[in-house]
Amino acid sequence: LYEHQLPNGEFACYYSPDAAMQEYCMPDSAVFPACLIVSCLLPFKEKANAKAICAAAVKFLTSQMMRGGVWNYFTRWHKLFKFCPADADDTVYASYVLRSLNVDIPDNKEVLLSNRNSKGLFYTWFVTRNVSHVFGKGRMVHLREFKYPLNSVLFWYTNEARRNDIDPVVNANILYYLGYNDDTIAIVEFLLRVLYEEQESERDKWYGNPISFYYFLSRNYTKVKQLEPGREIVVKRIYDNYNEDGSVGSSVLSTAMGLSALMNFENKDERIENVVNYILRSQHKTGYWDRNVFYYGGQSKKLGWGSEELTTAQCIEALYKYKASKNEL
């Protein structure tokens, strides 16, 4: 990871039409991969190489921060940056990473709280929806779409994103950032309902693999014990995807995310050893793990984004959590 971080602090990312990313891979420039990778490396932030990675990522993420302390999925030099609205997912992930690295950023809590529906759930996109978005403190975040009105309208017609998207994983990440309080109670109820109704894949446009949903949900468990009713459900469904070779799902990426989720939920099943061994066997001699789609550009799954770097970071995090559970660190 240290050797493959780009000079500007960004990490490589590709899009592809197949989950294994073998049919073709096209490079793309995005903010989110750096957020995801650095979040996995935070336990190692004082180690030399990880410290250098984090320092470069801080420069990159602060350079991508927009007015109001929000972030766009695309980098400033991407052709879609001008027309794609800032989003809550990138915002809370970048904010969490930077604050974990003791970097001061503008208080964006009010902007996030103003971006909810009547039931208290958070919208994915920062766009203009009501009077407060026109005259409120965070109005420049919401009014940005009027800077390029025609292209902003075309954005919604040419992509699967919709102005009023409300996605489970995005809300789970917001919960992780804001914590459990009166403003986020609705998120917990929402996430549990998605579990009960077995809508992990259908309700979220961007994370089509249910293991991804379990991973992001589980990150909240140590802080939000109100998620306890979903604990055994998630553990069972992860093991429903367990294979004889120790893999979970169809890739080493889903295996790593599954292991992290099991560790977050403090599971002690004997099959965990097989999962760990599968991840170790899958590592290439030069240190990386194979790329696989991490997230999609919509529910149709026509295109997915991923990279060796994203998979590798997830494997590192999963193995770290396993060793921590064994007190072997």
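Just so you know, these numbers come straight off a predicted model, no measurement behind them.

### Quick notes on the overall build of the chain
Stage number 1. Each helix and strand in the chain was counted, giving 14 helices and four strands.
Stage number 2. A globule of 329 residues ought to have a C-alpha radius of gyration of about 20 Å, and the chain, at 19 Å, matches this closely.
Stage number 3. Dimensions of the chain, computed from C-alpha atoms along their principal axes, come out at roughly 55 × 45 × 40 Å.
Stage number 4. Looking at the 329 residues of the chain, the share that counts as buried comes to 56%.
Stage number 5. If you take every contact in the chain between residues at least 6 apart in sequence, the share linking residues at least 24 apart comes to 66%.
Stage number 6. Put simply, the chain shows about 14,900 Å² of open surface, and 51% of that area lies on carbon and sulfur atoms.
Stage number 7. Computing the positive centroid from 38 side-chain charges and the negative centroid from 38, the chain places the two 6 Å apart.

### As for the packing of helix H10 (residues 210-218) against helix H12 (residues 252-264)
Stage number 1. Contact geometry of H10 with H12 gives a least axis separation of 8 Å together with a crossing angle of 35°. Pair H10 / H12 crosses with left-handed handedness. In contact with Ile-211, Ser-212, Tyr-214, Tyr-215, Phe-216 and Ser-218 of H10, H12 contributes Ser-254, Met-257, Gly-258, Ser-260, Ala-261 and Asn-264.

### Things to note about the pairing of strand E1 (residues 13-16)
It is a general feature of regular strands that their side chains alternate between the two faces of the sheet.
Stage number 1. In terms of strand pairing, E1 meets strand E2 (residues 26-28) through three bridges, oriented antiparallel. Residue Tyr-15 lies in a different strand from E2, and its bridge partner there is Met-26.
Stage number 2. Where E1 and strand E4 (residues 304-306) come together, three bridges link them in antiparallel fashion. Counterpart to Tyr-15 in the pairing with E4 is Trp-305.

### Things to note about the packing of aromatic side chains
Stage number 1. Under the criterion given, the structure shown has 22 aromatic pairs.
Stage number 2. Summarising the aromatic geometry, the rings of Phe-155 and Trp-156 are spaced 5.2 Å apart at their centres and angled 80° between planes, so their arrangement reads as edge-to-face.
Stage number 3. Judged by its relative accessible area of 11%, Trp-156 falls in the buried class.
Stage number 4. Taken together, the aromatic side chains of Tyr-15, Phe-32, Tyr-73, Phe-74, Tyr-93, Tyr-207, Tyr-215, Phe-216, Phe-294, Tyr-295 and Trp-305 make up a single cluster linked through ring pairs.
Stage number 5. When the ring centre of Tyr-239 is taken as origin, the NZ or CZ atom of Arg-271, which lies over that ring, is 4.0 Å away.

### Some thoughts on the side chain of Ser-212
Stage number 1. Within the element layout of this structure, Ser-212 appears in helix H10.
Stage number 2. Among the residues examined, Ser-212 registers a relative accessible area of 3% and is labelled buried.
Stage number 3. In contact with Ser-212, other than residues within four places in its own chain, are Tyr-207, Met-257 and Phe-294.

### Quick word on helix H13 (residues 272-282)
Stage number 1. Buried within H13 are the following residues: Ile-272, Val-275, Val-276, Tyr-278 and Ile-279. Down the axis of H13, the buried side of the element spans an arc of 160°, and every buried residue falls inside it.
Stage number 2. On its buried side, H13 packs onto helix H11 (231-240), H12 and helix H14 (308-325).

### Describing helix H7 (residues 149-158)
Stage number 1. All of the buried residues along H7 are Ser-152, Phe-155 and Trp-156. All buried residues of H7 fall inside an arc of 90° around its axis, so they share one side. Counted as exposed and oriented over 90 degrees from the buried face of H7: Leu-150, Tyr-157 and Thr-158.

### Examining the pattern of salt bridges
A side chain of one charge can pair with a side chain of the opposite charge when the charged atoms of the two come close.
Stage number 1. Considering all chains together, one arrives at 10 salt bridges under this definition.
Stage number 2. The salt bridge partner of Glu-228 is Arg-231, with a shortest N-O separation of 3.8 Å.
Stage number 3. For Glu-228, a relative accessible area of 35% puts it in the partly exposed group.
Stage number 4. Using a relative accessible area of 17% as the deciding quantity, one classes Arg-231 as buried.
Stage number 5. Among the charged side chains, a salt-bridge network with shared partners connects Glu-198, Glu-200 and Arg-237.

### Notes on the environment of Val-169
Stage number 1. With respect to the helices, strands and loops of the structure, Val-169 is situated in helix H8 (residues 168-178).
Stage number 2. A relative accessible area of 1% places Val-169 in the buried class.
Stage number 3. Here the alpha-carbon distance between Val-169 and Thr-124, two residues 45 residues apart in the chain, equals 9.8 Å.
Stage number 4. Beyond its immediate stretch of four places on either side in the chain, Val-169 contacts Asp-204, Tyr-207, Phe-213 and Phe-216.

### With respect to the state of the cysteines
Stage number 1. The final tally for this structure, using the stated rule, is zero disulfides.
Stage number 2. Unpaired in terms of disulfides, Cys-84 finds its nearest cysteine sulfur in Cys-35, a separation of 14 Å.

### Re the nonpolar core
In a soluble, globular protein the nonpolar side chains are often hidden away together inside.
Stage number 1. Among the nonpolar cores identified, the biggest contains 108 residues, and Leu-61, Phe-216, Leu-259, Ile-279, Phe-294 and Tyr-295 are the most heavily contacted of them.
Stage number 2. Non-local contacts of Leu-259, meaning those with residues more than four positions away in its chain, are made with Ile-272, Val-275, Val-276, Ile-279, Ala-318 and Tyr-322.

Rules of the game
Residues numbered from 1 in each chain as written. Predicted model: local features only at pLDDT ≥ 70, side-chain atom pairs only at ≥ 80, totals over all residues. Heavy atoms only, no water. Helix = DSSP H or I, 4+ residues; strand = E, 2+ residues; numbered from the N terminus. Rg over C-alpha atoms; globule rule 2.2 N^0.38 Å. Buried < 20%, exposed > 50% of the residue type's maximum accessible area, 1.4 Å probe, protein only. Contact = heavy atoms within 4.5 Å. Areas by Shrake-Rupley, 256 points an atom, 1.4 Å probe, with all protein chains shown as cover. Lys, Arg positive; Asp, Glu negative; His and termini not counted. Charge placed at Lys NZ, Arg CZ, Asp CG, Glu CD. Axes fitted to C-alpha atoms, helices over the stretch in contact; angles between N-to-C directions. Left-handed = near helix turned anticlockwise from the far one by under 90°. Pairing = 2+ DSSP bridges. Phe/Tyr/Trp six-rings, centres within 6.5 Å; stacked < 30°, edge-to-face > 60°. Lys NZ or Arg CZ within 6 Å of the ring centre and 35° of its normal. Arc of directions from axis to C-beta. Salt bridge = Lys/Arg side-chain N within 4 Å of Asp/Glu carboxyl O. Disulfide = S-S within 2.5 Å. Core = buried A, V, L, I, M, F, W, Y, C linked by side-chain atoms within 4.5 Å.

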